[in-house]
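Residues per chain are reported as follows:
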Amino acid sequence: MSKVVLITGASRGIGRETALAFARAGFDVAISARTLVEGEQHEHGLTGADGKPLPGSLASVAAEIRALGRLAWCIPMDLLDAASVQAAAEQLLREAGRIDVLVNNAVYQGSDLNSTFLQLTPDTLERMYRGYILAPVLLTQRLLPALLERGAGVVINITSGAGESNPPVAADRGGWGYAYGAGKAAVSRLSGVLKAELGRQGLRAYTVNPGVVTTEALKATIGEDGVRALGAGSAPPPVPAAVICWLAVNDLQGLHQKRTVHAQPFALEHDIVADWSTVE
């Protein structure tokens, strides 16, 4: 029976590429997000310059996975709704029957997330808590018995430099706000606790920082000119996706669990992908 991975936030960007990387590695793939089909609009959802929802959906990614010869399950999940998160876990176990790898990639991306400190509202902090703390904890807790069943489960949590360092400038001048930084800081602490408590039962848990990645969401936030200005300081989504898959498949001894894996330098150091900065 093929191994199964669940990737949250997989309708586009890093999540989509991670789903395809695992499919190529022989996994059957469950994907979750809010957008089931192209064009759906959601509260707090990002839009492009034309005001329309960003391209990408579970249906389109599932079709790509199936084209690679793997099974795919589309699992709707709203990070801000605890009942939706619990239902997603139940659907996965019911339809796939097992889980071997969980990638907690989904994030709340509302425009209020990077409010300045004085503009920060209780509602924004509540959404941050639900999306960055409660949702991944509830999902991981519910899936842990199945992950531990064969003594070799993997949990990979996707963090950001915002959760582990101070902003270079204020949020309204291009930095990040407290809500986003606090949310990612919480994500950065999850894997260490899982490893300490459940490592002896065979669980591996990683924290991965993708770095600046040229996703549709980033383009919608800073524009094409902003993406070009990043130059060699960014990477395309397949780079962190390859690292995430490599950790699950190749690091069987769990050597890279002790600290945050910085995906871009890690990919080059371990020859996981070619140097993308040299491609014109």
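Cut-offs and rules
- Residues numbered from 1 in each chain as written.
- Predicted model: local features only at pLDDT ≥ 70, side-chain atom pairs only at ≥ 80, totals over all residues.
- Heavy atoms only, no water.
- Pairing = 2+ DSSP bridges.
- Helix = DSSP H or I, 4+ residues; strand = E, 2+ residues; numbered from the N terminus.
- Contact = heavy atoms within 4.5 Å.
- Axes fitted to C-alpha atoms, helices over the stretch in contact; angles between N-to-C directions.
- 1 Å grid on protein atoms, 1.4 Å probe; cavity = no way out; pocket = protein on both sides within 12 Å on 5 of 7 lines; lining within 4 Å.
- Points joined across faces, edges and corners; volume = space filled by probe spheres on them.
- Nonpolar A, V, L, I, M, F, W, Y, C, P; charged D, E, K, R; others polar.
- Salt bridge = Lys/Arg side-chain N within 4 Å of Asp/Glu carboxyl O.
- Buried < 20%, exposed > 50% of the residue type's maximum accessible area, 1.4 Å probe, protein only.
- Expected span 1.5 Å × (residues − 1).
- Bend = angle between axes of the 7 residues up to and from the residue.
- pLDDT = per-residue confidence, 0-100.
- Parallel < 35°, antiparallel > 145°, perpendicular 65-115°, else oblique.
- Left-handed = near helix turned anticlockwise from the far one by under 90°.
- Core = buried A, V, L, I, M, F, W, Y, C linked by side-chain atoms within 4.5 Å.
- Phe/Tyr/Trp six-rings, centres within 6.5 Å; stacked < 30°, edge-to-face > 60°.

**Let's talk about the sheet that holds strand E3 (residues 72-76)**
Pairing is parallel across the open sheet formed by 7 strands, whose spatial order is E3-E2-E1-E4-E5-E6-E7. Only two strands of the sheet have a single neighbouring strand rather than two, namely E3 and strand E7 (261-262). Strand direction decides the pairing type here: strand E2 (residues 28-33) and E3, joined by 5 bridges, are parallel. Its bridge partner lying in E3, Ile31 is registered against Cys74. Those strands touched by helix H2 (residues 58-67) are E2 and E3, and its axis lies near 165° from that of E3.

**Let's talk about the layout of surface pockets**
Approximately 160 Å³ is the volume attributed to the second largest pocket. Taken together, 15 residues make up the lining of the second largest pocket; nearest its centre are Ala152, Val154, Gly202, Arg204 and Leu252. Each residue belonging to the lining of the second largest pocket can be placed in one class, and the counts come to 7 nonpolar, 5 polar and 3 charged.

**A look at the pattern of salt bridges**
Two side chains that carry opposite charge are able to pair once their charged atoms sit near each other. Under the definition given, this model contains 8 salt bridges. In this structure, Arg16 and Glu17 form a salt bridge, with 2.6 Å as the shortest nitrogen-oxygen distance. For Arg16, the salt bridge identified is with Glu64, shortest N-O distance 2.7 Å. Of this pair, Arg16 sits in helix H1 (residues 13-24) while Glu64 sits in helix H2; the two residues are 48 residues apart in sequence, bridging distant segments of the chain. Look at Glu64 and you get partly exposed, because its relative accessible area is 27%. Where salt bridges share partners, they join Arg16, Glu17 and Glu64 into one cluster.

**Side note on helix H4 (residues 122-148)**
Between its terminal C-alpha atoms H4 stretches 37 Å, which fits the 39 Å expected from 27 residues at 1.5 Å a residue. A bend of about 35° at Leu134 is the largest found in H4, and the proline Pro136 appears one to four places after it.

**So, the confidence of the model for the chain**
Close inspection of predicted coordinates is inappropriate in any region flagged by low pLDDT. Looking at the chain as a whole, the pLDDT averages 89, with 86% of positions reaching at least 70. This model gives residues 225-231 a pLDDT under 50, and the stretch forms 7 contacts once residues within four places in sequence are excluded.

**Examining the packing of H4 against helix H5 (residues 178-198)**
In helix packing, the relevant descriptors are the interaxial angle and the interaxial distance, both defined with respect to the helix axes. The geometry of H4 relative to H5 is characterised by a closest axis approach of 9 Å and an angle of 20° between their N-to-C directions. Considering their axes alone, H4 and H5 lie roughly parallel with respect to each other. Two packed elements cross with a definite hand, and for H4 against H5 that hand is right-handed. On the side of H4, the interface is formed by Thr124, Leu125, Met128, Tyr132, Ile133, Thr140, Leu144 and Leu148, while H5 contributes Tyr178, Ala179, Tyr180, Ala182, Gly183, Lys184, Ala186, Val187, Leu194 and Leu198.

**With respect to empty space enclosed by the protein**
Taken as a whole, this structure holds 1 cavity of 30 Å³ or more when the rule is applied. Roughly 120 Å³ of volume is contained in the largest cavity. Together, 16 residues line the largest cavity, and Asn104, Asn105, Ala106, Gly131 and Pro136 are the ones closest to its centre. Of all the secondary-structure elements, those providing two or more residues to the lining of the largest cavity are H4, strand E5 (154-158) and H5. Broken down by element, the lining of the largest cavity gets its largest block of residues, 5 residues, from H4. Here the residues of the lining of the largest cavity sort into 10 nonpolar, 5 polar and 1 charged.

**Considerations on unusual backbone geometry**
Phi angles above zero are rare outside glycine, and Asp271 is one such case at about 55°. With respect to the element layout, Asp271 can be found in the segment after helix H8 (263-269). In this structure Asp271 comes out as exposed when scored by relative accessible area, which is 71%.

**Some remarks on the environment of Ser111**
Here Ser111 is to be found in the loop between strand E4 (101-104) and H4. As a C-alpha pair, Ser111 and Thr124 span 13 residues in sequence and 9.7 Å in three-dimensional space.

**Some thoughts on the nonpolar core**
By size, the foremost hydrophobic cluster in this structure holds 40 residues, and its most contacted members are Phe22, Val29, Ile31, Ile65, Val103 and Ile156. Counting residues per element, this core draws most heavily on helix H7 (residues 238-250), which supplies 7 residues. Other than its neighbours up to four places away in sequence, Val103 contacts Val5, Leu6, Ile7, Thr8, Phe22, Ile156, Ile158 and Ile244. Core analysis: the second largest hydrophobic core is formed by 31 residues, Leu138, Leu143, Leu147 and Leu190 among them.

**Some words on the packing of aromatic side chains**
A full pass over the atoms with the stated rule returns 4 aromatic pairs. Between Phe117 and Tyr178, the ring centres sit 6.3 Å apart and the planes meet at 85°, which makes this aromatic pair edge-to-face. You can see Phe117 sitting in the loop between E4 and H4 and its partner Tyr178 sitting in helix H5, a full 61 residues away along the chain. Ring centres of Tyr132 and Tyr180 lie 6.2 Å apart, and the angle between their planes is 85°; on these two criteria the pair is classed as edge-to-face. One end of the pair, Tyr132, is in helix H4; the other, Tyr180, is in helix H5, and 48 residues separate them in sequence. In this structure, Tyr132 and Tyr180 share a single accessibility class: buried.

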